[in-house]
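Understanding the architecture of this molecule
So you can see what is in the structure, the chains are spelled out below.
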Amino acid sequence: NNIGRVQELRQHYSDALFYYEKSLKIQQKALSSKHLSLATTYNSIAEMHRLTGDYSSSLVYYENTLEIQTKSLPPNHSSLAESHHNIAMVLEGLHRYDEAIEHALCALNIIRHSFEPNQSEVEKYKKYFDEILLIPECSKLTKAKNINE
């Protein structure tokens, strides 16, 4: 993972992806399927796909990340908020706006109720949520819901 991170910082995304995938293969053999290190590696792979515009692949890996985190972390953990936020961004890139709104709202609700809510994180997720609602393609039904509870 460390070599992948170095390549990522150098913006050599295909090299980073290679090393992250290599790390994932090793981790899948050595760790349980619920191990948070796997979630971290899935997240890194998802991010490389997102940065290169491959939103469909990115979504698969972000969903794997969220699945592990959901099994391994308390429901109000800030990492779950981050994963929902990442999924929302990818869904937006895929023009699946209603699903993106659902995940953006999930992220916002989780971060608001996390153990130690960080005000800047709350503001970041709230800003993204407000911005996605402005997209004209979002369904009127979604916009009509009282989603700022």
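Computed from a predicted structure; not experimentally measured. (Residues numbered from 1 in each chain as written. Predicted model: local features only at pLDDT ≥ 70, side-chain atom pairs only at ≥ 80, totals over all residues. Heavy atoms only, no water.)

Brief notes about unusual backbone geometry
A positive phi angle is found at glutamine 11, which is not glycine, with a value near 65 degrees. Position of glutamine 11 among the secondary structure elements: in the loop between helix H1 (2-9) and helix H2 (13-30). (Helix = DSSP H or I, 4+ residues; strand = E, 2+ residues; numbered from the N terminus.)

Observations regarding H2
For H2, with 18 residues, the first-to-last C-alpha span of 25 Å sits near the 26 Å given by 1.5 Å per residue. Within H2 the residues assigned to the buried category are Ala16, Leu17, Tyr20, Ser23, Leu24 and Gln27. Viewed end-on, H2 has its buried residues packed into an arc of 130 degrees, placing them on one side of the element. Away from its buried face, by an angle of more than 90 degrees, H2 presents the exposed residues Ser14, Lys25, Ile26 and Lys29. Buried-residue contacts for H2 involve H1, helix H3 (36-51) and helix H4 (55-72). (Expected span 1.5 Å × (residues − 1). Buried < 20%, exposed > 50% of the residue type's maximum accessible area, 1.4 Å probe, protein only. Arc of directions from axis to C-beta. Contact = heavy atoms within 4.5 Å.)

Some details on the confidence of the model for the protein chain
For the protein chain, per-residue confidence averages 90 on the pLDDT scale, and residues scoring 70 or more make up 92% of the total. For the protein chain, helix H8 (residues 140-144) is the element with the lowest average pLDDT, namely 51, and H4 is the one with the highest, namely 98. (pLDDT = per-residue confidence, 0-100.)

Side note on the pattern of salt bridges
Taken as a whole and assessed by the stated rule, the structure comprises six salt bridges. The partner of glutamate 67 in a salt bridge is lysine 71, and the shortest N-O contact between them spans 3.3 Å. Of this pair, glutamate 67 and lysine 71 both sit in helix H4, four residues apart, which is roughly one turn of the helix. By relative accessible area, glutamate 67 is classed as partly exposed at 43%. With relative accessibility at 52%, the residue lysine 71 sits in the exposed group. Residue lysine 127 is joined to glutamate 131 by a salt bridge in which the shortest nitrogen-to-oxygen separation is 3.6 Å. Here glutamate 131 and lysine 127 lie together in helix H7 (residues 119-133), a separation of four residues that amounts to about one turn. (Salt bridge = Lys/Arg side-chain N within 4 Å of Asp/Glu carboxyl O.)

Regarding the packing of aromatic side chains
Taken as a whole, this structure holds two aromatic pairs when the rule is applied. Judged by centre distance (5.0 Å) and plane angle (80 degrees), the rings of phenylalanine 18 and tyrosine 19 are edge-to-face. Taking relative accessible area as the criterion, phenylalanine 18 reaches 46% and is therefore assigned partly exposed. Both rings, one in tyrosine 42 and one in tyrosine 61, keep their centres 6.0 Å apart while their planes meet at 40 degrees; by these two values the pair is tilted. Separated by 19 residues along the polypeptide, tyrosine 42 in helix H3 and tyrosine 61 in helix H4 bring together distant segments of the chain. (Phe/Tyr/Trp six-rings, centres within 6.5 Å; stacked < 30°, edge-to-face > 60°.)

Here we look at the side chain of serine 23
Structurally, the position occupied by serine 23 is in helix H2. What serine 23 contacts, discounting residues up to four positions off in sequence, is Asn1 and Thr41.

What to know about the environment of tyrosine 20
Tracing the backbone shows tyrosine 20 in helix H2. As for tyrosine 20 and asparagine 2, which are separated by 18 residues in sequence, their C-alpha atoms are 8.6 Å apart. Beyond its immediate sequence surroundings of up to four residues, tyrosine 20 is in contact with Asn1, Gly4, Arg5, Glu8, Thr41, Ser44, Ile45 and Met48.

Overview of the environment of glutamine 27
Its place among the elements puts glutamine 27 in helix H2. Between the alpha carbons of glutamine 27 and glutamate 63 there is a distance of 18 Å; along the sequence they are 36 residues apart.

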